[in-house]
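Observations on the model geometry
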Amino acid sequence: MRYHGPPMNEQSQVAAPGRVVVRFAPSPTGYLHLGSARTGLYNYIFARRSGGSFILRIEDTDLSRSTDEAILQIISSMREMGLDWDEGPERPGPHGPYRQTERQPVYHEYIEKLLAGGHLYPCFCSAEELEAERRAAQAEKRAWVYSGKCLALPADEIERRSAAGEPFTLRMHVPPGKTVFHDMLRAPVEFDNDTIGDFIVQRSDGTITYNLAVVVDDVSMGITHVIRGDDHLSNTPKQVAIYEALGASVPEFLHMPLLFGTDKKKLSKRHGATKLEQLTAMGYLVEVVRNYLCFLSTEFDESMITWTLDDLVEKFDVLKLGTSASIFDPDKLRWMNGRFIRQLSDVALGERLEEYLTRVGFYGAPAAVEELARHGAEALAAEVEGAGTAHALLVAPDVEQEALTRQLAPLVRDKMDVLADFVPMAGWFFRPLVVSDEARERLAGTEGAAETLRTAAADLCELPEWSVEDVEALVRDLPARLETKPKSVFAALRLGMSGQSITPGLFESLWVLGREEAATRLAAAAALL
Ligand code: GLU
């Protein structure tokens, strides 16, 4: 049972006096969920506001659910959000390693300490015995905690049973009384120790449980403030018991209210896209997601939509969070994203579009990606996610595609809420004209369509100067000349140039296509009628 690991680094147990040290400790069991992203963000803001240190730690003790891919995704999401850490994976420092699976010697070192202090005892109770206790408690309608049956086992019995190879766990003895801790959002939180019970810190196979690992990590990394979801409130008294047994100073806690959907249920897959990667793959801008995660717990005014990370550090006070549930409203996020897009300069939006379209594989296969995007931004994101981060679709735009994207940016700015909206609206610029049967029927049903298309094609070729203004004047003149309603002329030209009814502005679109391409498309569409 005794484990002799390397000597403990005593220095690393103490934080520099007064210096804030926080950590974000996600479990790598999937993409970064919005709730976790929020916890990481608040820790970052708290650290930077106080000039403290921010540690990223990977809680991968649950081997059956943790994957290396998820660790990479956490790292990439943190980077995408701009949340750089002072110590952690890929950023070694004095408190490493930063993956729990690599910290086993440290845990066993602390187990030794706790054993030496008489705080742990071996428990030989079998799963059946524990189950019987649990059932008895259930029958009496009381919450079950371990009875403490093995607490008083005589030393010779322990010796005999362990020598005979009988499996045992190690339990932390929680003395009677009360456990009180401080939470920065709450009045002192008090638990009756009877409700905690003596809990397992080391399983019979020698592995360490979460509560032990998290305290050892926090103590040995000198964490001063633990900021995490309030689903961990009920674990905290157990953790405090370990701190006290170790004689370590208990950190300040801040348990953040969890995120709920608009239906007041805990945020989950059922609420649609709730993962950072998924949202950015739908064309939400990471700044907007970041700001939204802060604003959903504060009074909000529109000027805050464009805050930078530095603004958040300067102006967002994590301590004002309150304890009521935060509601994640995708419609509000979408609205904010649209507002953010509208204030981007042509150049900035062009860059963001280019980045996004590259990420979703648009430039490599415009028609295929367009087809997907017609089923919605979520369908597109699902495909990108399914392909993984290093997917084969990543193709940078060629010179023409790049120029086209930049030209289109100002034309789509007012029409998009998420960047994915670009694809069904403007994807047709990047491929030859396709007029579906349905579009052809719509064209055929449009008053004077054939004549409109033929006349416009011919006149565009004759236009002395190729400018948006001249294209507009030409188009605006057509209804009177052709004795057709303006609505019909516009509809025919829109369908004729693109094969669809929703496009960026008609005059600008014709202009972007260029004289020859515009005329060719309109003539080709006319020929279908
Ligand atoms: N790994 C835990 C989680 O992802 C966090 C535990 C903690 O912050 O103490 O919920």
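Rules and cut-offs
- Residues numbered from 1 in each chain as written.
- Predicted model: local features only at pLDDT ≥ 70, side-chain atom pairs only at ≥ 80, totals over all residues.
- Heavy atoms only, no water.
- Helix = DSSP H or I, 4+ residues; strand = E, 2+ residues; numbered from the N terminus.
- Rg over C-alpha atoms; globule rule 2.2 N^0.38 Å.
- Buried < 20%, exposed > 50% of the residue type's maximum accessible area, 1.4 Å probe, protein only.
- Contact = heavy atoms within 4.5 Å.
- Areas by Shrake-Rupley, 256 points an atom, 1.4 Å probe, with all protein chains shown as cover.
- Lys, Arg positive; Asp, Glu negative; His and termini not counted.
- Charge placed at Lys NZ, Arg CZ, Asp CG, Glu CD.
- Pairing = 2+ DSSP bridges.
- Near = heavy atom within 4 Å.
- Polar contact = N/O pair within 3.5 Å; in protein donor to acceptor, adjacent residues only side chain to side chain.
- Axes fitted to C-alpha atoms, helices over the stretch in contact; angles between N-to-C directions.
- Right-handed = clockwise from strand over helix to strand, strands pointing away.
- Salt bridge = Lys/Arg side-chain N within 4 Å of Asp/Glu carboxyl O.
- Phe/Tyr/Trp six-rings, centres within 6.5 Å; stacked < 30°, edge-to-face > 60°.
- Parallel < 35°, antiparallel > 145°, perpendicular 65-115°, else oblique.
- Left-handed = near helix turned anticlockwise from the far one by under 90°.
- Nonpolar A, V, L, I, M, F, W, Y, C, P; charged D, E, K, R; others polar.

Counting its regular elements, the protein chain contains 22 helices and 11 strands. Taken over the C-alpha trace, the protein chain has a radius of gyration of 31 Å; the compact-globule value for 529 residues is 24 Å, which it surpasses by more than 25%. When the 529 residues of the protein chain are sorted by exposure, 52% land in the buried category. Taking as baseline every contact in the protein chain between residues at least 6 positions apart, the subset at least 24 positions apart corresponds to 77%. Summed over all atoms, the accessible surface of the protein chain reaches about 24000 Å², with 52% contributed by carbon and sulfur. A gap of 4 Å separates the mean positions of the 56 positive and 78 negative side-chain charges of the protein chain.

Here we come to the pairing of strand β5 (residues 178-181). Side chains T179 and F181 of β5 all project onto a buried face; the interleaved residues K178 and V180 project onto a face where none is buried. Note: β5 against strand β6 (residues 189-192), four bridges, orientation antiparallel. Opposite T179, over in β6, you have F191 as the bridge partner.

A word on the environment of E483. Position of E483 among the secondary structure elements: in the loop between α19 (468-482) and α20 (486-498). Take E483: its relative accessible area is 71%, and that puts it in the exposed class. C-alpha separation for the pair E483 and I305, spaced 178 residues apart in sequence, amounts to 48 Å. Setting aside residues no more than four positions away along its own chain, E483 makes contact with E447 and L478.

Moving on, we come to the site of the ligand. In the vicinity of the ligand, the contacting residues are R23, A25, P26, S27, E59, Y210, V214, R228 and H232. Y210 is positioned such that a nitrogen or oxygen atom in its side chain is 3.0 Å from an oxygen atom of the ligand. One of the side-chain N or O atoms of H232 is found 2.9 Å from an oxygen atom in the ligand. Relative to its free-state accessible area of 300 Å², the ligand is covered by the protein chains to the extent of 81%.

Spatially, β3-β4-β7 is the arrangement adopted by the three strands of the open sheet, whose pairing is antiparallel. Each edge of the open sheet is held by one strand with a lone partner, namely β3 (120-123) and β7 (199-202). Going across the sheet, the axis of each strand differs from the next one's by a mean of 50°, ignoring polarity. Inspection of the sheet shows strand β4 (residues 169-172) paired to β7 by three bridges, in the antiparallel sense. The residue bridging L170 from the neighbouring strand is Q202, located in β7.

With that settled, consider the pairing of strand β1 (residues 21-24). Side-chain positions along a regular strand alternate between the two faces of the sheet. Alternating positions in β1 separate into two faces, V21 and R23 on one and V22 and F24 on the other, with burial throughout. Summarising the sheet, β1 and strand β2 (residues 53-56) pair through four bridges and their orientation is parallel. Looking at the pairing, R23 lines up with I55 of β2. Taken together, β1, helix α1 (residues 34-49) and β2 form a β-α-β motif whose crossover is right-handed.

If you walk through the whole model with that rule in mind, you get 42 salt bridges. When salt bridges that share partners are traced, they join R23, R57, E59, R103, D217 and D218 into one network.

Moving on to the side chain of Q500. With respect to the helices and strands, Q500 occurs in the loop between α20 and α21 (506-513). A distance of 2.9 Å separates a polar side-chain atom of Q500 from the backbone oxygen of I502. Once residues lying within four places of it in the same chain are set aside, the contact partners of Q500 are E370, R374, P424, M425, W428, R431, R494 and L495.

Moving on, we come to the packing of aromatic side chains. Within the structure shown, the criterion is met by 15 aromatic pairs. On the numbers, 6.0 Å between centres and 80° between planes, the contact of Y44 with F54 is edge-to-face. You can see Y44 sitting in helix α1 and its partner F54 sitting in strand β2, a full 10 residues away along the chain. Of the two residues, Y44 and F54, both sit in the buried class. Considering the side-chain rings of F295 and F300, the 5.5 Å spacing of their centres and the 45° angle between planes classify their relative orientation as tilted. Taking the relative accessible area as the measure of exposure, F300 reaches 24% and is therefore partly exposed. Taken together, the ring pairs connect F295, F300, W307 and W335 into an aromatic cluster.

So, about the packing of helix α12 (residues 346-359) against helix α15 (residues 399-412). Between α12 and α15, the least distance of the axes is 8 Å, while the angle of their chain directions is 120°. By the angle between their directions, the pair α12 and α15 is classed as oblique. Crossing of α12 over α15 shows right-handed handedness. On α15, the residues touching D346, V347, L349, G350, E351, L353, E354 and L357 of α12 are E402, T405, R406, A409, P410 and V412. Taken together, the residues of the contact of α12 with α15 break down into seven nonpolar, two polar and five charged.

This part takes up the side chain of R103. Relative to the helices and strands, R103 is located in the loop between α2 (68-80) and α3 (104-116). A distance of 2.9 Å separates polar atoms of two side chains, one belonging to R103 and the other to S220. With residues near it in sequence (within four places) discarded, R103 still touches H95, G96, P97, D217, S220 and M221.

Between G96 and P97 the backbone carries a cis peptide bond, its omega angle lying at 0°. Tracing the backbone through its elements, the reader meets P97 in the loop between α2 and α3. The backbone phi angle of K141 is positive, close to 55°, even though this residue is not glycine. Tracing the sequence through the fold places K141 in the loop between α4 (127-139) and α5 (155-163).

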